[in-house]
Amino acid sequence: MKALSPIAAVLAVLAVVPLIVHSNVILNFLVVALMIALAGQGWNILGGYGGQYSFGHAAFFGTGAYVTAILQMRYGVNAWLGFAAGIASGAALGGAIGALTFRSGLRGSYFALVTLAFAEVLRIVASVAPITGAGVGTLITLDISARAFQFQSRAVFYWVILALVGVSLVVTRLIERSRFGAWLMAVRENEDAAAALGVDVSRVKSAAMVISGAMTAASGCFYAQYFLFVDSGIAYGTWISIEALLTPIIGGVGTLFGPLLGALVVRSLGELAKLVAGDAPGLDLIIYGAVLVAVIWFSPRGLIGGAVQAHKRLLRRLSPGTSCAGEIGRG
Amino acid sequence: MAEPLLSVDRVTRRFGGLLAVDGASLTAEEGRITALIGPNGAGKTTLFSIISGFIEASEGSIRYAGEDITGESPHRLARRGIARTFQIVQPFIGLSVRENILVGAHLRHRTRDSALAAAEQVGREVGLNELLDRPADTLTVAGRKRLELARALAIEPKLLLLDEVLAGLNPSEIRDIVPVIRSLCARGITIVMIEHVMQAVMSLAERVFVLAEGRVIAEGTPAQIATNPVVIEAYLGHGAAAKLGASNGQ
Amino acid sequence: MLSPVILVPAILNGLLTGAIYALVALGLTLIYGVLHIINFAHGALLSAALFAAFFAYRVLGLDPYVAVFLNAPLFFALGYALQRFIIGPASRGDDRNMLLVTLGIAVVIENALLYAFHADTRTINVGYAFETINFGIAFLAVPRVVGFIAVFLVAFALWLIMTFTDTGRAIRAVAREKLGAQLAGIDVAHIYAITFGIGTACVAVAACLLIPTYYVNPHVGNAFVLVAFTIVVLGGMGSVPGAVIGAFLIGIVESLSGLFLGESLGQIGIFVIFIVVLLVRPSGLFGERA
């Protein structure tokens, strides 16, 4: 329980916001930021903790969004069930892609490429398949009621997405402190050494992908309920693949709050850019790309990781009894 | 006599046209220290990689604890109780020393608390107790070697394959780590070590196999190996044995 | 559907398209072979090169086949600078970082084009764009035939450079054994940058060859380059003959599957091949083991 208290604190602070802030613009901004944070939390499990960098997480986001939208619109399924089904589909897709790619031993750049390819295939299929509405997309009928998972007040949406982010934070924390997490991080650091210690590398990676897929799919399901419209460019477009990886990297790969912090920072930058230079397409992504390069260049562990490192370095310099021997082995 | 814990039977490994290991056979008696020595490039590490499942043998078989383990994957072998260290140490750089050992401990301990306790104990046994919370990348070479050993021990192996664990250590560091190795053997762990540091081989090993150009050219006690002309020639070149014999006044 | 009258031109056109793919893939495989990274910015650079060719025509009045002599050195310099001053320093040799940095650059370039020029598709109208040459068995468009010939010329020129110049030898040395090359006094950072520059120049040439019959918008490069990735993986990362043969194969496959399945599904065919190759034989036809 002690391990979860930071999460409770952060959630408590964030939960209070809609009670103080009533501006719809700000609430909307926060809702979207939290949604992106959730997608990033998913990426972080596979990429940050597992070291497998996916460039196609849109595959999970889009699947979540489409599954929930299609089940509601074409099969009359209840919105909440649809949401759950969307998450399950994301998990299943993660398992499928993981089984295919990790059993083949794909790593590094090849893994990034194959995830990119999967996302693209899904995008193309979604843009022509009748079931998704092809080029026109799928519209979810407006039906403002709790039963239909649509709410009049933005505050309610805010609390829903906050709850989802909260769940993802708890899951991440539990993973961090579990055997699975220790094995996952070992795989990230050195697969051969991990295997020599009894870790079933491909199974661990696949499991990470299932969890990762489920989380990011949840983000997609939420998108569908909040915006009530999904098309192939929104669902499977590179924009979400980029944002899902950008937020953890900026916030801090492999840290608990990295994606959340990263999402707030990234989205704020985007809004700032719009304020300064107007609402032209592409501007926010230019900034995101530049920030990505800058973060990798100057603080590869992101904001949180960089702060932790600086803190440790400061401590070491301040503590008198540090032996030199410890420093000799460095590098 | 009981079956040896490990039997490597005529293992061969080809890489394209290169014969890295050529019909090599060796055995390791349970609870004893066996050494594998030989000139550089003899194929020793390749043989270790085959035994520990990282490379497949082109021919031959391997038996461990009475079962055929040829071709099994590294993580399965680790679960059976075979641990190996790597010649070029491979710590988990982003993690602390304690977290490094924890990964190994988790193989036998499911919960974090019991695994942490086990990791702490192993860390103490290997002499790393002062350094447990340091990042692994701040360790000296000697520290990293100990960490490599600690991680391998954490999986509670029956068979420990040490690949040049003494390489890069100065004489006093070697003097410090040899008793640790001996105490592991006293605990009942079977050890096979690849080593170049002859003083350690002589004092630790009970049986020595000599590998040259992929083939086992001699086996015996350390004393026998030291005076074996075939071994001397493998290290010092053709005719060296005769020259040494002549200079020794024979 | 299967009559030679339809099949043969489809195959020939596939070969012609394949030639352009080969040029793009060549740049990519060269960069991989030497720097050992997958250049995710390749597609964005192609888009930029297409815009450069477009503006060379609109603003400077240069025919694409003339503009190539301006754009190729320009993009060589751009590629050199990108690697030397951004990618190299930012990634500090770490593969994962390099992936992300090239991705970041791709995003910046593509969206800068989007922001500056908007998403509208543009084309240029050169007189010879729709002229065809009668080869008896098929009528083939002039620009595509010119493109085909040009690619071979460029490939030949590259081969000459790689085999007979000091720089080319240095590049091959670095590709083989970076540490050894460094010890022999080769400035690896410079060679990396030159290789990246050559790869980017290839893309610029491809753009000039494409623009008479193709269209220009910020997203075009990406579509193209995913095909180039497929080719490079199919032919083998780092293998030049692999890239060329793979390109022709893919060109033909694309042409035929477009014929039988229609445009969109034809594209999926390529990705399916891509995924299958990555899963089954990632080293490709000619490449080193992945």
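What comes next is a walk through the structure. All values derive from a computational prediction rather than experimental measurement. (Residues numbered from 1 in each chain as written. Chains lettered and ligands numbered in written order. Predicted model: local features only at pLDDT ≥ 70, side-chain atom pairs only at ≥ 80, totals over all residues. Heavy atoms only, no water.)

1. Observations regarding the interface of chain B and chain A
By a frequent convention, interface size equals the accessible area lost on bringing the separate parts together. Contacts between the two partners involve 29 residues from chain B, matched on the other side by 27 residues from chain A. In this assembly, chain B packs against chain A so that about 2,300 Å² is buried in total across both faces, 58% of it on carbon and sulfur atoms. At the junction of chain B and chain A, the tally comes to zero salt bridges. Linking chain B with chain A are seven residue pairs in polar contact (both at pLDDT 80 or more), by the criterion used here. Put simply, the parts of the chain that give the side of chain B that touches chain A at least two residues each are helix H2 (74–80), helix H3 (97–105) and helix H5 (141–154) of chain B. The dominant element in the side of chain B that touches chain A, judged by the number of residues it contributes, is H2 of chain B, at four residues. (Contact = heavy atoms within 4.5 Å. Buried area = accessible area lost by both parts, 1.4 Å probe. Salt bridge = Lys/Arg side-chain N within 4 Å of Asp/Glu carboxyl O. Polar contact = N/O pair within 3.5 Å; in protein donor to acceptor, adjacent residues only side chain to side chain. Helix = DSSP H or I, 4+ residues; strand = E, 2+ residues; numbered from the N terminus.)

2. With respect to unusual backbone geometry
Residue and element names in this part refer to chain B. Positive phi, close to 50°, is recorded for Ala65, a residue that is not glycine. You can call Ala65 partly exposed: its relative accessible area is 41%. For Glu213, which is not a glycine, the phi torsion comes out positive at approximately 50°. Looking at the element boundaries, Glu213 is found in the loop between strand E9 (207–212) and strand E10 (215–220). (Buried < 20%, exposed > 50% of the residue type's maximum accessible area, 1.4 Å probe, protein only.)

3. Focus: the packing of aromatic side chains
Each aromatic ring pair is specified by the distance between its two centres and by the angle formed by the two planes. As enumerated under the stated definition, the model contains 30 aromatic pairs over all chains in all. One aromatic cluster is present, built from ring pairs that chain together Phe61, Trp80, Phe83, Phe149, Phe151, Phe157, Phe222, Tyr223, Tyr226, Phe227 and Trp239 of chain A. The ring of Phe92 of chain B has Arg151 of chain B lying over it, and the distance from NZ or CZ to the ring centre is 4.4 Å. The cationic tip of Arg96 of chain C hangs over the ring face of Tyr53 of chain A; the distance from NZ or CZ to the ring centre is 5.3 Å. (Phe/Tyr/Trp six-rings, centres within 6.5 Å; stacked < 30°, edge-to-face > 60°. Lys NZ or Arg CZ within 6 Å of the ring centre and 35° of its normal.)

4. Looking at the interface of chain A and chain C
In this assembly, 39 residues from chain A lie in contact with 36 residues from chain C. Taken together, the two surfaces of chain A and chain C that pack against each other cover about 3,600 Å², and 81% of this comes from carbon and sulfur. Linking chain A with chain C are zero salt bridges. At the level of elements, helix H4 (79–103), helix H5 (108–128), helix H11 (238–251) and helix H13 (283–298) of chain A are the ones that each hand at least two residues to the side of chain A that touches chain C. Top element by residues in the side of chain A that touches chain C is H5 of chain A. It accounts for 14 residues. Of the residues assigned to the side of chain A that touches chain C, the class counts are 30 nonpolar, seven polar and two charged. (Nonpolar A, V, L, I, M, F, W, Y, C, P; charged D, E, K, R; others polar.)

5. Describing helix H7 (residues 179–189) of chain A
All names here are of chain A. The buried count for H7 comes to nine of 11 residues, which makes it a mostly enclosed element. Along H7, the residues that are buried comprise Arg179, Gly181, Ala182, Trp183, Leu184, Met185, Ala186, Val187 and Arg188. Backbone nitrogen of Phe180 and a side-chain oxygen of the N-cap are separated by 3.3 Å at the start of H7; the cap is Ser178.

6. A look at the arrangement of the chains
Contacts are most numerous, across the two pairs of chains in contact, for chains A and C. At no point do chain B and chain C touch; the closest pair of C-alpha atoms across them sits 13 Å apart.

7. Considering the packing of helix H2 (residues 24–49) of chain A against helix H6 (residues 154–176) of chain A
Residues and elements named next belong to chain A. Their axes nearest at 9 Å, the elements H2 and H6 cross at an angle of 20°. Considering the angle they form, H2 stands roughly parallel to H6. Where H2 crosses over H6, the handedness of that crossing is left-handed. For the contact of H2 with H6, the class distribution of residues is 17 nonpolar, five polar and two charged. (Axes fitted to C-alpha atoms, helices over the stretch in contact; angles between N-to-C directions. Parallel < 35°, antiparallel > 145°, perpendicular 65-115°, else oblique. Left-handed = near helix turned anticlockwise from the far one by under 90°.)

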